[in-house]
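# Close look at the chain arrangement
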Amino acid sequence: MNNLPLLLKPQFRGNRPTPFFSKLLFHNKILFIIFLLLTFFGVIGATTLHFILKYHLSKEYQSRFLTITQSLSHRLGPMVLAKDEKGISYLLTEVSKFNQGIVYLMVTDSRGEPWIKSINKTDHDTKVDASEIFETAMPIKYNNQTISTIKSGFSGLPLQAFLKQVMTIYLSILSAMIIISLLIARSFLRYTTKPILTLTRIADEISLGNLDIDIVFGQHVNCWEIKQCGQNNCAAYTNTAIQCWFVDGTPCEGYEPKFPQKLEGCRKCEVYKTHKGDEIVQLADSFQHMIYMLKKSQAELEDSHKFQRNLIQNSLIGIIATNEVGIIRTFNRVAENLTGYSEAEAIDTLTFTDLFPRDISIKINHPLIFDYGLELRGFKPTESEILNKHKKPIPVRLSGINLYEEGKHLGKVFFFQDFREIKRLRQELIQSERLAATGQAVASISHSIKNILDGLMGGVYVYKMGKKKNDDKSIENGWKMIENNIELISELVINLLNFAKERHPNFEKCDPHTIVEDVIRMVENKINSKKIEIRSEYKGDFKRVFLDPFALHQCLMNLASNAIDAIPLERPGHIVIRVASENEHGIIFEVSDDGIGMSKEIKEMAFQGMFSTKGSKGTGLGLLVVKKIVSEHGGSLEVVSEEQKGAMFRIWLPQIDPQNSILG
Amino acid sequence: MESLKKRAVVIDDEKDLTTYFSSILEENGFLVQVANNADDGEKLIRENPPDLVCLDLLMPGKTGINLFIRLRKPEEALRNIPLIIITGIQEKLNIDWKDIVSRFRVRVPDGFIEKPVSPERLMRVVNNVLDGTPKEGVQLG
């Protein structure tokens, strides 16, 4: 998505809201501005008109009264000369009567004193403010001689009344015009903002998740007509349901094959330009593109969700996932079958602690692995239990892990397998192995007893023959054979007891020297005719050695006997018993010989028990007893051997402090 | 008279048993030589081919089996010396003369005795093997 050139980097510069203005609807805002503008210019117009009218009318008014005064001064000359007071008074009164606005007309005498004044009703009716009176004086001449003066006073009131009338009419017309303009503008704006409201509604629908909206803006165009192409194999050809720029794979040249990548090219195409209208249409187009993309990603998301749910639901492994506080949010089919809870019963109701043992809530928080520097907490598959609906534990193989996303803890997930069948099979296997082992042991022991029996029978026979023939040598030989085989029986019995008995080592402070030397002394008796040199080596400090001396003696005896048996009669051999202390950690006992050694195959079988290569003499018990004793000590037993080159058995025992022993 | 006695070689890694078997055979008129390992036994047989060989198959390092195979190979000159196998059964190693015979295409032993061996059983098989009449199969003790 990021590589789409048509997508702008989102940049929002929000308006700082002014409380009143921001609350207005868009068209009201425009209406408000229109109103303010009209009012502003109307007021300016009114003021200008008033000023101009007043200026010109005042001038006209004054010149008119000057003319009256002038004409009176011409007519009054003979009358002043004749001192026709009556005539003057009548003239002045009559003139005043016919000219509204005249406050007074007065003729002065030669000294300038008022002489005759017009009788004016305004004197009585209205009180005229002196400041609103224009006064003029003009000489009354006769034969170019000033004989008197006429003074006149005019009121501005009629002029003002007229102006007021004119302004009233003007303002009325202006108001009417403003109202009409606003009404027209309102209708127009309603028409233009309607698509915005529609788009707003669509945006609301989209935000509610409804993407099945038809947006029809702008002119629907038929590309095949505009381009006059005959590509009838094109999916957009004669397609009136959808515009060509939404159709993938149109064979138009120079465009990307798929929407929305192709849109960049389409915007330059004549088809798109024909369709393209005003900004609203472009906005609607963008909306349509947005819905297309949303639908696509929604479908992808749904598919992915369905797939994941399917995966989880149909997994043959039980899956239970919780949110960050442990409440179950995912509960798959295996979980349902195993626990008896339905998905609806479990989700949002149960927590993982309702289903798994208490220790799981601790285990799940153990550090497990580091993944790209992030420490994952959880536990590997382990045998555990899950509680079913009836609180009955069912054995499962369980693993769990904490889920994180960008460092945020999302929850936990548990995976488990029904372990009942496996457990049953394992039990059966153990049972059958035990039976097989018992059978094998019985076979091996009876074989060994048969050999000893042969020896005893032989001894008795030889003894008897010696007695019969009075042959002392035969008597001695026969007796020795009987003794040897009695010894073999006692060895077998001790090994059998050691093997069969469940025993804990009796740890006590002891000296390895004593044990090893005693073993050497005892096995030297067995060497008989073989040419074997047996010696011991010690390395380290044995001041604090805690062992079960009896058990260790048994181990070394068995290993040393094996070593003797491994050396062929016909050649000399060497056996070394080495003891080495390993600091405070443990102690090592090694028994090595240069006998016939073991092949890989024999080495593998050596520890499986009841296996012997010693022909008639072996029971296969010896090494098994060593292994058992070593494991009872918490130690380990290993063998290094090569055919014909000898063998070395190494026992490692940990240093046990009997005070803190977990084994004792 | 000594030279008329039949000669037997007894090979077993267990000294007690060679003593036992040789005593029985000597008691029944055999001149017995014993060996406690396969190499010594083979040497005795080749130096002076006896009238009877008693061989333990189970000796350390499969030496008993190898000696049996060598002695009974088709091209071996001594393959017709009567041979009795005396052995215990060791199941784990699957040592069975029948397997060996079929795997290595060697001559079957003339007799077979499973331990423990009583003097009577041993002598019955020995006599059956050596009574001079040609026999089909193996004389079992």
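This is a predicted model, so every value here is computed, not measured.

As a further point, take the pairing of strand 17 (residues 646-654) of chain A. Residues and elements named next belong to chain A. As paired strands, strand 15 (residues 586-593) and strand 17 are joined by eight bridges and run antiparallel to one another. Considered in strand 17, the bridge of Ile-587 is made with Leu-653. Inspection of the sheet shows strand 16 (residues 636-642) paired to strand 17 by seven bridges, in the antiparallel sense. Note on strand 17: the bridge partner recorded for Ser-641 is Ala-647. Linking strand 16 to strand 17, which pair antiparallel, is a turn of three residues; within it Gln-644 sits at a positive phi near 70°.

Relative to the assigned elements, Val-53 of chain B resides in strand 3 (residues 52-55). Among all residues touching Val-53 of chain B, those that are not within four sequence positions of it are Val-9, Ile-45, Ile-81 and Leu-83 of chain B.

Counting 43 residues, the largest nonpolar core has Ala-8, Val-10, Phe-21, Cys-54, Leu-55 and Ile-84 of chain B as the members making the most contacts within it. When residues of this core are assigned to their parent elements, the largest contribution, six residues, is made by helix 12 (residues 420-469) of chain A. Here Val-10 of chain B is in contact with Thr-18, Phe-21, Ser-22, Leu-25, Val-32, Val-34 and Cys-54 of chain B, once residues within four sequence places are set aside.

Residues and elements named next belong to chain B. Two strands pair when backbone bridges link them, and strand 1 (residues 6-11) and strand 2 (residues 30-35) are joined in this way by six bridges, in the parallel orientation. Its bridge partner lying in strand 2, Arg-7 is registered against Leu-31. Taken together, strand 1, helix 1 (residues 15-27) and strand 2 constitute a β-α-β crossover, and its handedness is right-handed. In this sheet, strand 3 lies alongside strand 1 in parallel orientation, the contact comprising four bridges. Opposite Val-10, over in strand 3, you have Cys-54 as the bridge partner.

Taken together, the contact between chain A and chain B spans 28 residues of the former and 27 residues of the latter. Among the elements of the structure, helix 12 and helix 13 (472-500) of chain A are those that each provide at least two residues to the side of chain A that touches chain B. No other element matches the 13 residues that helix 12 of chain A contributes to the side of chain A that touches chain B.

Residues and elements named next belong to chain A. Orientation of helix 14 (residues 512-527) relative to helix 15 (residues 549-566), taken along the N-to-C sense of each, is 35°, at an axis distance of 9 Å. The way helix 14 lies across helix 15 gives a crossing that is right-handed. Of helix 15, the residues touching helix 14 (which contributes Ile-515, Val-516, Asp-518, Val-519, Met-522, Val-523, Lys-526 and Ile-527) are Pro-549, Leu-552, His-553, Leu-556, Met-557, Ala-560, Ser-561 and Ile-564. Residue composition of the contact of helix 14 with helix 15, grouped by class: twelve nonpolar, two polar and two charged.

This part is about the sheet that holds strand 2 (residues 114-117) of chain A. The strands that make up a sheet are held in pairs by hydrogen bonds between backbone atoms, and each pair lies either parallel or antiparallel. Residues and elements named next belong to chain A. The antiparallel open sheet is built from four strands, whose spatial order is 2-1-4-3. Since the sheet does not close on itself, it has two edges, and those belong to strand 2 and strand 3 (133-142), each with one partner. Here the strands of the sheet are splayed against their neighbours by 25° on average, with no regard to which way each runs. Two strands pair when backbone bridges link them, and strand 1 (residues 102-108) and strand 4 (residues 145-155) are joined in this way by six bridges, in the antiparallel orientation. Considered in strand 4, the bridge of Val-107 is made with Ile-150. With respect to the sheet, helix 1 (residues 26-81) is in contact with strand 1, strand 3 and strand 4, its orientation differing from that of strand 3 by roughly 35°.

All names here are of chain A. At Lys-83, a residue that is not glycine, the phi angle is positive and equals roughly 55°. Along the chain, Lys-83 turns up in the loop between helix 1 and helix 2 (85-98). The phi dihedral of Gln-228 falls on the positive side, at around 50°, and the residue is not glycine. Tracing the backbone through its elements, the reader meets Gln-228 in the loop between helix 5 (223-226) and helix 6 (263-266).

Thresholds applied
- Residues numbered from 1 in each chain as written.
- Chains lettered and ligands numbered in written order.
- Predicted model: local features only at pLDDT ≥ 70, side-chain atom pairs only at ≥ 80, totals over all residues.
- Pairing = 2+ DSSP bridges.
- Helix = DSSP H or I, 4+ residues; strand = E, 2+ residues; numbered from the N terminus.
- Contact = placed C-beta atoms within 7 Å.
- Core = buried A, V, L, I, M, F, W, Y, C linked by C-beta atoms within 7 Å.
- Buried ≥ 20, exposed ≤ 12 C-beta atoms within 10 Å, placed from the backbone.
- Right-handed = clockwise from strand over helix to strand, strands pointing away.
- Axes fitted to C-alpha atoms, helices over the stretch in contact; angles between N-to-C directions.
- Left-handed = near helix turned anticlockwise from the far one by under 90°.
- Nonpolar A, V, L, I, M, F, W, Y, C, P; charged D, E, K, R; others polar.

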